[in-house]
Amino acid sequence: MCCAGCNNTPSAPTPPPPPVADAPEVSCPSPVTISARTSAGALVSYAPPETRKGQGTVTVACTPASDTMFPVGVTQTECVATDSLSRKASCTFSVTVAAPARLSRTRIMAFGDSLTEGSTIVTNDPYAIVHLPESAYPTVLRQLLSARYTDQAITVSNRGEPGEQAWRALSRLIAVFAADAPDVVVLQEGYNDYRAADSDVVGIANATLGITQLAGEARRRGARVFICTLAPSRPGPKAIPRSALEFINDRFRSIALSEGAVLVDLYGALLPDVNANVSPDGLHLTPLGYRRVAETVFAAIRADLEIR
């Protein structure tokens, strides 16, 4: 039976509400470790956290933020994820900024003869000795030190005097010490003492006396002393016999021990590749040899003076 004006069409069912996603989750990146170049800290970048689940758009904010300055030390960084329902999840990770490496002493004087000055042979003529300041080991040493100790002003003075004999060098050391006021003295002398002497005995004695005097004077004036062994020779007009070099170097080891100085073994460092390290005159070094001297002295300074 019909009813005039009645609508018998059934109404559509109300759709169920959409499912609500699980609360957000967040995973922080792995801990970050970085070395600072200055004591002010370092600019740190880190990977963004990973998010899962959550309703709608999930935003993440970290404090401190990536690509900002972090101080020296350990900083706990917190990242908070928030979904469209304002539900939150958080995680933390550490950012470690290591302080820049530092030396306890920074005024270095390289004292010696032509091998400190940087004399070398650049032609096939073993008498064509030239001075290349850019290749001299004190120059390279300063570059190595400045690259590592970025938060300090490192000075390296080149006090090499060609032809000088160690046993006659004390007055010059006193004069340049007053001018440079070093707190580190690196001694590389003794070649000319041997070559200028009338006999092996006198040459060895003069080199030993000279290094003893120089090391003692520098120590009494408050400097940390590094004593270099004599570098090896190769055949050439200025070569020194291997037996004499080894004998002198044994004396230098004893002097370093008695003076509380650091021994820098140039002989051992340069001997394995002697022909590449020593010039054709048999005495002076090649630019490669001077770099290896600088690297060996650098390693000794770092081991003895770096603040840990």
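Calculation rules
Residues numbered from 1 in each chain as written. Predicted model: local features only at pLDDT ≥ 70, side-chain atom pairs only at ≥ 80, totals over all residues. Heavy atoms only, no water. Helix = DSSP H or I, 4+ residues; strand = E, 2+ residues; numbered from the N terminus. Rg over C-alpha atoms; globule rule 2.2 N^0.38 Å. Contact = heavy atoms within 4.5 Å. Areas by Shrake-Rupley, 256 points an atom, 1.4 Å probe, with all protein chains shown as cover. Lys, Arg positive; Asp, Glu negative; His and termini not counted. Charge placed at Lys NZ, Arg CZ, Asp CG, Glu CD. Buried < 20%, exposed > 50% of the residue type's maximum accessible area, 1.4 Å probe, protein only. Salt bridge = Lys/Arg side-chain N within 4 Å of Asp/Glu carboxyl O. Disulfide = S-S within 2.5 Å. Core = buried A, V, L, I, M, F, W, Y, C linked by side-chain atoms within 4.5 Å. Pairing = 2+ DSSP bridges. Axes fitted to C-alpha atoms, helices over the stretch in contact; angles between N-to-C directions.

Undergrad: I keep staring at the overall build of the protein and nothing clicks. Help me out?
TA: For the protein, the helix and strand inventory stands at 9 helices and 17 strands. Taken against the 2.2 N^0.38 rule, which gives 19 Å for 308 residues, the C-alpha radius of gyration of the protein at 34 Å runs more than 25% over that of a compact globule. In terms of overall dimensions, the protein has a C-alpha envelope of 145 × 45 × 30 Å along the principal axes. By sequence separation, contacts in the protein at least 24 residues apart represent 71% of the contacts at least 6 residues apart. Carbon and sulfur atoms make up 54% of the accessible area of the protein, which totals about 15200 Å². Here the protein contributes 27 positive and 29 negative side-chain charges, whose respective centroids are spaced 3 Å apart.

Undergrad: Which parts of the structure should I look at to understand the side chain of Glu189?
TA: Considering the arrangement of structural elements, one finds Glu189 in the loop between strand S14 (184-188) and helix H4 (191-196). One buried charge, Glu189, has no salt-bridge partner; the nearest side chain with opposite charge is Arg172, at 4.2 Å. Setting aside residues up to four positions removed in sequence, Glu189 forms contacts with Phe111, Gly112, Asp113, Glu164, Gln165, Ala166, Ala169, Arg172, Ile211, Leu214, Leu230 and Phe252.

Undergrad: Please explain the state of the cysteines as it appears in this structure.
TA: For the structure on display, the rule yields 2 disulfides. For Cys28, the disulfide goes to Cys91, at an S-S distance of 2.0 Å. Because the sign of the S-S torsion sets the handedness, a value of about 85° for the bond joining Cys28 and Cys91 places this disulfide among the right-handed ones. One end of the pair, Cys28, is in the loop between strand S1 (25-27) and strand S2 (32-35); the other, Cys91, is in strand S8 (residues 88-98), with 63 residues separating them in the sequence. Disulfide pairing is shown between Cys62 and Cys79; the S-S distance is 2.1 Å. Between Cys62 and Cys79 the disulfide shows an S-S torsion of about 110°. By sign, it is right-handed. With Cys62 in strand S5 (residues 59-63) and Cys79 in strand S7 (residues 73-82), the pair connects residues that are 17 residues apart, well separated along the chain.

Undergrad: I would appreciate a short explanation of the nonpolar core in the present structure.
TA: Most often, soluble globular proteins have nonpolar side chains that are buried together. Leu145, Ile227 and Val297 are the most contacted members of the largest nonpolar core, which has 63 residues in total. Counting residues in each nonpolar core, the second largest holds 15 residues, with Val26, Cys79, Ala89 and Cys91 among its members.

Undergrad: Hey, could you run me through the sheet that holds strand S13 (residues 155-160) in this one?
TA: Reading across the sheet, the 5 strands line up as S13-S10-S14-S15-S16 and stay open at both edges, with parallel pairing between neighbours. Only two strands of the sheet have a single partner each, and these edge strands are S13 and strand S16 (262-264). Strand-to-strand twist of the sheet, defined as the mean angle between neighbouring strand axes without regard to direction, takes the value 20°. Bridge count between strand S10 (residues 107-112) and S13: 6 bridges; the pairing is parallel. Within S13, the residue paired with Met109 across the bridge is Ser157. Helix H3 (residues 170-180) contacts S10, S13 and S14 of the sheet and is inclined by roughly 160° relative to S10.

Undergrad: Before we go on, may I ask you to explain the sheet that holds S5 in this structure?
TA: Sheets are built from strands paired through backbone hydrogen bonds, the pairs being either parallel or antiparallel. Taken in spatial order, the 4 strands of this open sheet run S2-S8-S7-S5, and their pairing is mixed. Strands at the two margins of the open sheet, each flanked by one partner only, are S2 and S5. Put simply, the sheet's adjacent strands are angled 20° from each other on average, direction ignored. In terms of strand pairing, S2 meets S8 through 4 bridges, oriented parallel. In the strand pairing of S8, Thr33 is matched with Thr96.

Limitation: the analysis is restricted to geometry and does not speak to function.
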